[in-house]
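Secondary and tertiary structure notes
For reference, the chains in residue letters:
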Amino acid sequence: MSVERTVPPVALVTGANRGIGYEVVRQLADRGHRVLLGSRDLGKGRAAANRIDPRGERVSAVQLDVADAASVAAMGEWVTREVGRVDVVVNNAAILYDTWAQARSADLAEVQRALDTNLFGAWRVTQALLPLLRRSPHPRVVMVSSEAASLQSMSGGTPAYGVSKAALNALTCLLAGELRRQRVLVNAICPGWVATDMGGGGGRPVADGAAGIVWAATLPDNGPTGGFFRDGKPVPW
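The present account deals with the structure reproduced in this document. (Residues numbered from 1 in each chain as written. Predicted model: local features only at pLDDT ≥ 70, side-chain atom pairs only at ≥ 80, totals over all residues. Heavy atoms only, no water.)

Quick look at the pairing of strand β3 (residues 59–63)
Rules: In this scheme, a residue with accessible area under 20% of its type's maximum is buried, one over 50% is exposed, and one in between is partly exposed, where area comes from a 1.4 Å probe on protein chains only. Helix and strand assignments follow DSSP, with helices taken as H or I runs no shorter than four residues and strands as E runs no shorter than two, numbered in order from the N terminus. In this analysis, strands are considered paired if DSSP registers two or more bridges between them. Think of it like this: strands point away, you trace from the first strand over the helix to the second, and a clockwise trace means the crossover is right-handed.
Among the 5 residues that make up β3, 4 are buried, leaving the element largely enclosed by the rest of the structure. By the bridge criterion, 5 bridges tie strand β2 (residues 34–39) to β3 in an arrangement that is parallel. Pairing of Leu37 across the sheet is with Ala61, part of β3. In the classification by handedness, the crossover that spans β2, the intervening helix α2 (residues 42–52) and the parallel β3 is right-handed.

Following this line, the structure appears as structure tokens:
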């Protein structure tokens, strides 16, 4: 009598060699996922993957610069060829928390650079992996956003970061609506103020911020889509 082997779900996490992305990789691997750890610097990515999974059975590094269309295309081709499936995409990579800037005087080149990573990077990666997601039995896309993107609470400051994350929230709504019939759950998650390099000193433990992202990545099939959440609870748009 043969025993059917359960194939672990495959997750790709962008910007994952440190900070929240790294912790998301660790938590997903602990939950039985095979995780592809995206990193602009492949050497740093491999070192991070080795810290989580020294035997290389659950975590693999992949070179991925989300702001580089050629890098994203190469990643998509590699995943399709070498892995053959993706069930979860966590768009975590982000730059430029510009606390020094004001919208009235912002350097628009900086704003454009933030948009290229924080918005278009997530868009590129999702499009590249969508053919594989459509074949998954339980496809999930998680956009790592921020309460700085909430239009309800915006009152000035961090223009590049806030505008790029608000646009990411809009993309979340569009994709969720378009992919609903294909069972792809797409949600935006605010991890809260977390003690990372980008978040600066203070903040809550990285594991707590990552847990909300993992919650969205592992939602049941009847879970929400097109929402904005922190710790599993809605955040005002």
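What follows continues from the structure just given.
Section: the environment of Gly45
So the rule is basically this: Between two residues, a contact is recorded if the distance between any of their heavy atoms is within 4.5 Å.
Mapped onto the secondary structure, Gly45 falls in helix α2. Sequence-wise, Gly45 and Gly121 are 76 residues apart; in three dimensions their C-alpha atoms are separated by 18 Å. Apart from the residues within four sequence positions on either side, Gly45 is in contact with Asn17, Leu37, Ser39 and Ala61.

A look at the nonpolar core
Nonpolar side chains in soluble globular proteins generally cluster together in the buried interior. Quick reminder of the rule: What is meant by a nonpolar core is a set of buried Ala, Val, Leu, Ile, Met, Phe, Trp, Tyr and Cys residues, joined one to another through side-chain atoms within 4.5 Å.
In this structure, Leu12, Met75, Val79, Val125, Leu129 and Met143 are the most contacted members of the largest nonpolar core, which totals 33 residues. Sort the elements by how many residues they give to this core and helix α5 (residues 120–135) lands first, with 6 residues. Those residues in contact with Met75 that sit more than four places away from it in its chain are Leu12, Val62, Gln63, Leu64, Val125 and Leu129.

What about helix α1 (residues 19–30)?
Rule in force here: One less than the number of residues in a helix, times 1.5 Å, gives the span that helix is expected to have.
Spanning 12 residues, α1 covers 17 Å between terminal C-alpha atoms, matching the ideal 16 Å at 1.5 Å per step. Burial analysis of α1 places 9 of its 12 residues in the buried class, the great majority of the element. Taken together, the buried positions of α1 are Ile20, Gly21, Tyr22, Glu23, Val24, Val25, Gln27, Leu28 and Ala29. Buried positions along α1 lie against β1 (10–13), β2, α2, β3, β4 (88–91) and α7 (206–217). Gly32 lies just past α1 and shows a positive phi near 100 degrees.

Quick notes on unusual backbone geometry
Notably, Leu96 is not glycine yet its phi reads approximately 65 degrees, a positive angle. Examined against the element boundaries, Leu96 turns out to sit in the loop between β4 and α4 (108–118). If you check the backbone angles, Arg183 has positive phi at about 70 degrees while not being a glycine. Considering the arrangement of structural elements, one finds Arg183 in the loop between α6 (159–179) and β6 (185–189).

Description of the sheet that holds β2
Basically, it comes down to this: What counts as an axis is a line fitted to C-alpha atoms, over the stretch in contact for a helix, and the angles between N-to-C directions run from 0 to 180 degrees.
Here 8 strands make up an open sheet; going across it, the order is β3-β2-β1-β4-β5-β6-β7-β8 and the pairing mixed. Of all strands in the sheet, those bounded by a partner on one side alone are β3 and β8 (233–234). Pairing of β1 with β2, which is carried by 4 bridges, proceeds in the parallel orientation. Bridged to Ala11 within β2 is Val35. Here α1 sits on the sheet and contacts β1, β2, β3 and β4; the angle it forms with β1, its principal contact strand, is near 170 degrees.

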